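Structural description and commentary
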Amino acid sequence: MASSKLLFPLLLCSLFLFLLLPTSNAHLLKACEFEAIYNLGDSISDTGNLIQEDPASVFSRLPYGQNLYRNPTGRCSNGLLIIDFIAKSAGIPLLEAYLNASSSKTHGVNFAVAGSTALPVEFLAEKGVIAPVTNSSLTKQLNWMHTHFNTTCHSSKEKHKRSLFMVGEIGGNDYNYAFFQGKSIDELKSMVSDVVKAIKEAVMRVIGFGAARVIVPGNFPIGCMPIYLSGFHSNDSSEYDEFHCLKGLNNFAMYHNEQLQQAIKELQEENPKVNIVYGDYYNAYKWILSKAALLGFDPKSLQKACCGSGGDYDFSLNRMCGAPNVPVCPTPQEHISWDGVHSTEKAYFFMARWIIRNIFQKLKCIA
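First things first, this report covers the structure right here in the doc. (Residues numbered from 1 in each chain as written. Predicted model: local features only at pLDDT ≥ 70, side-chain atom pairs only at ≥ 80, totals over all residues. Heavy atoms only, no water.)

Here we look at the overall build of the protein chain
Keep this limit in mind: Helix numbering and strand numbering both begin at the N terminus, where a helix is a DSSP run of H or I of at least 4 residues and a strand a DSSP run of E of at least 2. Between the two quantities, the radius of gyration covers C-alpha atoms and the globule rule is 2.2 Å times the number of residues to the power 0.38. Exposure categories follow from relative accessible area, calculated using a 1.4 Å probe and restricted to protein chains: below 20% of the type maximum is buried, above 50% is exposed, and the middle band is partly exposed. Should any heavy atoms of two residues lie within 4.5 Å, those residues are considered in contact. For the accessible areas, the method is Shrake-Rupley and the probe is 1.4 Å, while residue cover comes only from the protein chains on display. Within this scheme the basic residues Lys and Arg register as positive and the acidic residues Asp and Glu register as negative, but His and the chain ends are omitted. Think of each charge as sitting on NZ of Lys, CZ of Arg, CG of Asp or CD of Glu.
From N to C terminus, the protein chain includes 12 helices and 5 strands. The C-alpha atoms of the protein chain give a radius of gyration of 20 Å, which matches the 21 Å a tight globule of 367 residues would have. Dimensions of the protein chain, computed from C-alpha atoms along their principal axes, come out at roughly 65 × 55 × 40 Å. Here the protein chain holds 367 residues, and 55% of them are scored as buried. Long-range contacts, defined here as pairs at least 24 residues apart, represent 74% of the contacts in the protein chain between residues at least 6 apart. Working note: accessible area of the protein chain is about 16,000 Å², and carbon and sulfur atoms make up 55% of it. Looking at charge distribution, the protein chain has the averaged site of its 32 positive side-chain charges lying 7 Å from that of its 32 negative ones.

Details of the sheet that holds strand 5 (residues 275-279)
Rule in force here: Each pair of strands is called paired provided DSSP finds at least two bridges between the two strands. The axes used here are C-alpha line fits, helices contributing only the stretch in contact, and every angle between their N-to-C directions lies in the interval 0 to 180 degrees.
Pairing within the open sheet is parallel, and its 5 strands lie in the order 2-1-3-4-5. Looking at which strands have only one partner, the edges of the open sheet turn out to be strand 2 (108-110) and strand 5. Going across the sheet, the axis of each strand differs from the next one's by a mean of 15 degrees, ignoring polarity. In this sheet, strand 2 lies alongside strand 1 (residues 37-40) in parallel orientation, the contact comprising 3 bridges.

Some thoughts on helix 7 (residues 172-180)
With 7 of its 9 residues buried, helix 7 lies for the most part within the structure. Residues of helix 7 that are buried include every one of Gly172, Asn173, Asp174, Tyr175, Tyr177, Ala178 and Phe179, and no others. Those residues of helix 7 that are buried are in contact with helix 4 (121-126), helix 8 (185-208), helix 9 (226-231) and helix 10 (247-270). Immediately downstream of helix 7, the backbone of Gly182 shows phi near 95 degrees, a positive value.

Digging into unusual backbone geometry
Each neighbour pair has its own omega, and for Leu62 with Pro63 the value is 10 degrees, a cis peptide bond. Relative to the helices and strands, Pro63 is located in the loop between helix 2 (49-53) and helix 3 (82-90). The peptide bond linking Gly168 to Glu169 adopts the cis configuration, its omega dihedral lying at 15 degrees. Relative to the helices and strands, Glu169 resides in the loop between strand 3 (164-167) and helix 7. Of note, the phi angle at Asn325 is positive, near 65 degrees, even though the residue is not glycine. Within the fold, Asn325 resides in the loop between helix 11 (281-290) and helix 12 (345-363). A relative accessible area of 72% places Asn325 in the exposed class. The phi angle at Lys364 is positive, at roughly 55 degrees, despite the residue not being glycine.

In structure tokens form, the structure reads like this:
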């Protein structure tokens, strides 16, 4: 009797782990028969645009990309990103960066640029927020997309109906820059409507290009990330949740996500023939935190950067990953955070699996 009581939870655990294996639902999005994927965004999905703009960027050298045959590609991680795993699930080659002139781009294009913002940098400057990394905001990326579609024989509205468009994640940097330049949560809340409006207008524009299936991701729980945990540390334990994340910052991220979901609902009502799906990056990240030990992450390192140095979270704005003599942990596969801002390949893998399952039925790929 005692052995059967022990066996049942072991079987449940084995089943759970089986569902998370790379081979499980690895190609779920193949059912959608996408011909291409077109992506707009920031460092969460940039596959090489920033390093074309700025070859001296830290993302152009190791340890970034150390899993990719030790070949940095401009991805802001140690390996692949969520967009890469989405492409793999759809059976599409990994997306080439738009600014990489040597690629054919027949199966889609990645217009995302690390450091980019949803709002034009000039608009942010008027609000007293400086965007220091790139001027390639969402509007500029959309203009690149327009140029690409007008200058390639591989693009047509019919093809776009059979393609997947990703509008984001974008907007996170608008808030990141503002927070670390001294703006309060209340000041940032006044920015949310502008950020969401910019994303909504971007979705309308890709629909104008012929998009029939669009994913619009929300923001992550920023209060769980080493950059914020270091910068906004509090001695008041009530400000932290059960995962030791800052509740106030996570509430702000949820506020943005709620406004974004309302905008998506309005867009869906206005465009009933288009499937516009919210990408719940927030809950995908929180799910990993809740299952961390089962997934093979070190429970003691959930909020620590693998590549970084300093303080309780192995992170310092003065000695970030890629700078001289900044160490890299020996077990990135046990960390969720790669550099204090971005996640590890393994964390992105599991987030992508959660997201793909969450969006699949909503995309209505199977009649």
